[in-house]
Amino acid sequence: MNKNNADTAFFGQPKGLSTLFFTEMWERFSYYGMRAILLFYMYYAISKGGLGMSQVTAASIMSIYGSLVYLSTLVGGWLSDRVWGSRKTVFYGGVLIMLGHIVLALPAGETALYISIALIVVGTGLLKPNVSDMVGGLYDLEDRRREAGFSIFVFGINLGSFLAPWLVPWAAQVFGFHIFGNEMNFHAGFSLAAIGMFFGLVQYVLGGKKYLSTNSLTPSDPIDKGDLLNIIKWVVIGVVVIAFVLGIMASVGQLNVDNVITLLTILAIALPIYYFVAMLRSSKVDKVERSRVKAYIPLFFAAAIFWGIEESGSVVLAIFAAQRTVLHIGSWHFAAANFQSLNPLFIMILTPVFVALWDKWKKQPSAPEKFATGLVFAGLSYMWMALPGILFGTSGRVSPFWLVGSWFLVEIAEMLISPIGLSITTKLAPNAFRSQMMSMWFMADATGQAINAQIVKFYSTGTEVQYFMAVGVVSVVFAIIMFFLVKKINILMEGVK
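Residues numbered from 1 in each chain as written. Predicted model: local features only at pLDDT ≥ 70, side-chain atom pairs only at ≥ 80, totals over all residues. Heavy atoms only, no water.

Convention followed: UniProt positions are given in the numbering used here, feature names are shortened, and annotations may be inferred rather than shown by experiment.
With an unreviewed UniProt entry as reference, the protein is termed Di-/tripeptide transporter, source organism Candidatus Lactobacillus pullistercoris. Taken verbatim from the UniProt record of the protein, the Function (unreviewed entry) comment is "Proton-dependent uptake of di- or tri-peptides." Regarding the protein, the relevant UniProt record gives this comment under Sequence similarities (unreviewed entry): "Belongs to the major facilitator superfamily. Proton-dependent oligopeptide transporter (POT/PTR) (TC 2.A.17) family."

Right under this line is the structure:
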C-alpha cells in the first residue's frame, strides 16, 4: 500500500501535491507573465522601451515560440524516462526557465531575446510534462483521490496563469513610469517573472526532499551506455546538419528571422507526419491498433486548428486589445496585457460546469462529435471578433466586452476538446507507442502555433475583418466535415468510446 494513501495533509491530498501545486503555479506565473508583455516589448518603439521590431515579425516570433515550447516536451519526457528521472529533470528545467527570464530582464536587445527564448523553450520542455507525471506518482492506481488531486493541480496552473497578466504588466508600468520615466519598463516586468520562477524552485527543492517519492530520483527506463552513445552521435549529426543549413542560408544572404521561423514551421508540421507514418507502418502495431491510429488523424487536425485559434490570445487578440480596444470601464483603467487572464479565468469557471455535465449526461456525444462541436465554438470566437469591424469600422476603439465574449466562446471549445483529447489519445494509443502517442497531443498544439507563425503575417487593423472571418470559417467548415466523418471515425476507433 502506498504510504501516501494515509497522507491527507493538503486538502485531503498527499503533502507532496502542495509542492507540485506551487511549483507549477509559479512556473505558469513566470511563463504567462512574460508572454503577457513580450509581444509589446518586441514591437514597441525603442523610445518606449521596446525593441522596435515590425508588428508582423513580433507576432510570428510569439507564435513559433509557443510552438517550440510544446515540441521541446518530447525531449523533456525522454530525458526524464531514460537519463535523469523526473525530479532532476524538473529542477534543471526550472533553473533554465529562471535564467531565461533573468536574461530577458537585462537591457541587452535582440541578442538577449533569442537567448532567453532558447533557455525558456528547453526549460519548459524539461519541466512541464514531468511535473504532471510526478503528480500521478503520488497515488496508487486504485486511490480514489487521484482525479481530485489532478483537479487541484490544474487549478494551481490556472491560478498562476490568471495572476501573472495583472502583476507582471503592473510591475512594468509602475517601475517604468515612476522610476525610469518611461511609459513601460519591460525589464522590470521580466524580472518579476524571474522572481516567480525562483520562488517555485525554492518550494520545489525544500518540499521535494520531504514529500516527493524517491522513485522520481531515477529514470523509469534507464538507457544503457551503448544506446546513449548512439543517441549522442545522432544529436551531433543533427546539430551539424542544422549548422550546415544555416551556413548555406547565410552564404546566400537568406539567414534572417523570417526564414528561420519558416524552417521551424516546416519542422513542426513534418514531425507529426513522421510519427503517424512510423506508427502506421510499424510491425509492432496490429490491425486494430492501426485502425485506431487512422481514427486519430482527423482528431489531430481538429486539435491543431483549435490550438491555433486558442493560442492566438497572446498574439492576434493581444494586438487587438492594444490597438482596437477601449482600455477602461468607467473609471477603471487596465492594460492590454490584462486580457490574457481571461483564458485561465474562464477555464476555472467552466471546468466544474463541464465535469458535472459529463457526469450526469447518460448518452453523451462521442469524442469526434465533441471535437467537431468544439471547432464550431472556436470558429465562432473568431467570427465574433469580425463583428466590431463590420459594425463600426476598424479605425477606432471598441468595447472590451468583444474580447471577453471571444475568450468565453473559445474556452467552451477548450472544454470540449482539451480534456477529451487527452483522454482519447491514451485510449487510441498502440501499446508499442503509448508515450509517442501522448507526444502527438502536444505536437497538435505545436503544429497549430507553427501555422499561426505564418498566417499572423496577414493580420493588421486593415485586414482585421477578413482575417477573423477567414480563420473562423476554416474552423467551422472543418467542423462540418468532422460531423460527416463521425460515423466513419467511430468505426475506425474499433470499440473505443
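**Examining the nonpolar core**
Test applied: We call a set of buried Ala, Val, Leu, Ile, Met, Phe, Trp, Tyr and Cys residues a nonpolar core when their side-chain atoms join them within 4.5 Å. Each residue is assigned to one of three classes by its accessible area relative to the maximum for its type, calculated with a 1.4 Å probe on protein chains only: buried under 20%, partly exposed between the two thresholds, exposed over 50%. Secondary structure elements are taken from DSSP: a helix is a run of H or I of four residues or more, a strand is a run of E of two residues or more, and numbering for both begins at the N terminus. Here a residue-residue contact requires only that any non-hydrogen atoms of the pair lie within 4.5 Å.
Formed by 111 residues in total, the largest nonpolar core has its most connected members in Leu38 and Phe468. Here this core takes twelve residues from helix α13 (residues 401-428), the largest share from any one element. Contact partners of Phe468, with chain neighbours within four places excluded, come to Val316, Leu317, Phe320, Tyr382, Met383, Met385, Ala386 and Tyr459.

**Notes on the pattern of salt bridges**
The cut-off we apply is this: Should a side-chain nitrogen of Lys or Arg be within 4 Å of a carboxyl oxygen of Asp or Glu, the pair is scored as a salt bridge.
Inspection of every chain in the model, using the stated rule, returns two salt bridges. Across the pair Arg324 and Glu464 runs a salt bridge whose closest N-O atoms are separated by 2.7 Å. With Arg324 in helix α10 (residues 316-324) and Glu464 in helix α15 (residues 464-492), the pair connects residues that are 140 residues apart, well separated along the chain. In this structure, Arg324 and Glu464 share a single accessibility class: buried.

**Focus: the environment of Met415**
If you trace the backbone, Met415 turns up in helix α13. With a relative accessible area of 7%, Met415 lands in the buried category. Each residue touching Met415, except ones within four places of it in the same chain, is listed here: Ile347, Leu350, Thr351, Phe354, Trp358 and Ile420.

**Topic: the packing of aromatic side chains**
Under the convention used in this document: Aromatic rings from Phe, Tyr and Trp, taking only the six-membered ring of Trp, are treated as a pair when their centres fall within 6.5 Å; an angle between ring planes under 30 degrees marks them as stacked, one over 60 as edge-to-face, and anything in between as tilted. Whether a charge sits over a ring depends on NZ of Lys or CZ of Arg being within 6 Å of the ring centre and within 35 degrees of the ring normal.
This structure, assessed with the given rule, holds 34 aromatic pairs. The interplanar angle of 90° and the centroid separation of 5.5 Å between the aromatic rings of Phe276 and Phe300 together place this pair among those described as edge-to-face. You can see Phe276 sitting in helix α8 (residues 257-281) and its partner Phe300 sitting in helix α9 (residues 287-310), a full 24 residues away along the chain. Neither Phe276 nor Phe300 differs from the other in exposure class; each is buried. Taken together, the ring pairs connect Phe40, Tyr41, Tyr43, Tyr44, Phe186 and Phe190 into an aromatic cluster. The ring of Tyr44 carries the charged tip of Lys48 above its face, separated from the ring centre by 6.0 Å.

**What about α8?**
The α-helix advances 3.6 residues per turn, and as a result positions three or four apart in sequence lie on the same side. For the record, the criterion: In this scheme, a helix's expected span is set at 1.5 Å multiplied by one less than its residue total.
With 25 residues, α8 ought to run about 36 Å at 1.5 Å a step, and its terminal C-alpha atoms sit 36 Å apart, in line with that. For α8, the complete set of buried residues consists of Ile261, Thr265, Ala268, Pro272, Tyr275, Phe276 and Met279.

**Considerations on α13**
Put simply, the rule reads: Consider a residue and the seven residues that end there alongside the seven that start there; fitting an axis to each set, the bend is the angle between those axes.
A rise of 1.5 Å per residue sets the reference length of α13, with its 28 residues, at 40 Å; its end C-alpha atoms lie 40 Å apart and thus fit the reference within 8%. The largest bend in α13 amounts to roughly 35° and is located at Gly421. Across the 28 residues that make up α13, a large majority, 20, are buried.

**Topic: the side chain of Asp445**
Applicable threshold: In this charge count, Lys and Arg are treated as positive and Asp and Glu as negative; neither His nor the chain ends contribute. Polar contacts, as counted here, are pairs of nitrogen or oxygen atoms within 3.5 Å of one another; within protein the pair requires one atom able to donate a hydrogen and one able to accept it, and residues that are adjacent in sequence qualify only if both atoms are side-chain atoms.
Structurally, Asp445 can be placed in helix α14 (residues 434-455). The buried charged residue Asp445 lacks any salt bridge, with Arg35 as its nearest oppositely charged partner at 8.0 Å. Of note is the side chain of Asp445, whose polar atom sits 2.8 Å from the side chain of Gln449. Apart from the residues within four sequence positions on either side, Asp445 is in contact with Tyr70, Trp307 and Glu311.

**Describing a nonpolar patch on the surface**
What counts, and what does not: The patches described consist of residues with a relative accessible area above 30% and no salt bridge, like charges being joined within 9 Å and nonpolar side chains (Val, Leu, Ile, Met, Phe, Trp, Tyr) within 5 Å. For the accessible areas, the method is Shrake-Rupley and the probe is 1.4 Å, while residue cover comes only from the protein chains on display.
A grouping of Trp234, Ile237, Val241, Ile242, Phe244, Val245, Leu246, Ile248, Leu255, Leu263 and Ile266 is seen on the molecular surface, where their side chains present a nonpolar patch of about 1,000 Å² in accessible area. The set of elements that each furnish at least two residues to the nonpolar patch consists of α7 (225-251) and α8. Broken down by element, the nonpolar patch gets its largest block of residues, eight residues, from α7. As for its placement among the helices and strands, Val245 is situated in helix α7.

**As for the packing of helix α3 (residues 86-105) against helix α4 (residues 109-136)**
Applied cut-off: Fitted lines through C-alpha atoms give the axes, limited to the stretch in contact for helices. The angle between two N-to-C directions lies from 0 to 180 degrees. In this scheme, roughly parallel covers angles under 35 degrees and roughly antiparallel covers those over 145, while 65 to 115 is roughly perpendicular and the rest are oblique. By convention the crossing between two helices is left-handed if the near helix lies anticlockwise of the far one by an angle smaller than a right angle, and right-handed if it lies clockwise.
Where α3 meets α4, the closest approach of the two axes is 7 Å, and the angle between their N-to-C directions is 150°. For the element pair α3 / α4, the angle class is roughly antiparallel. Read as a crossing pair, α3 and α4 show a hand that is left-handed.

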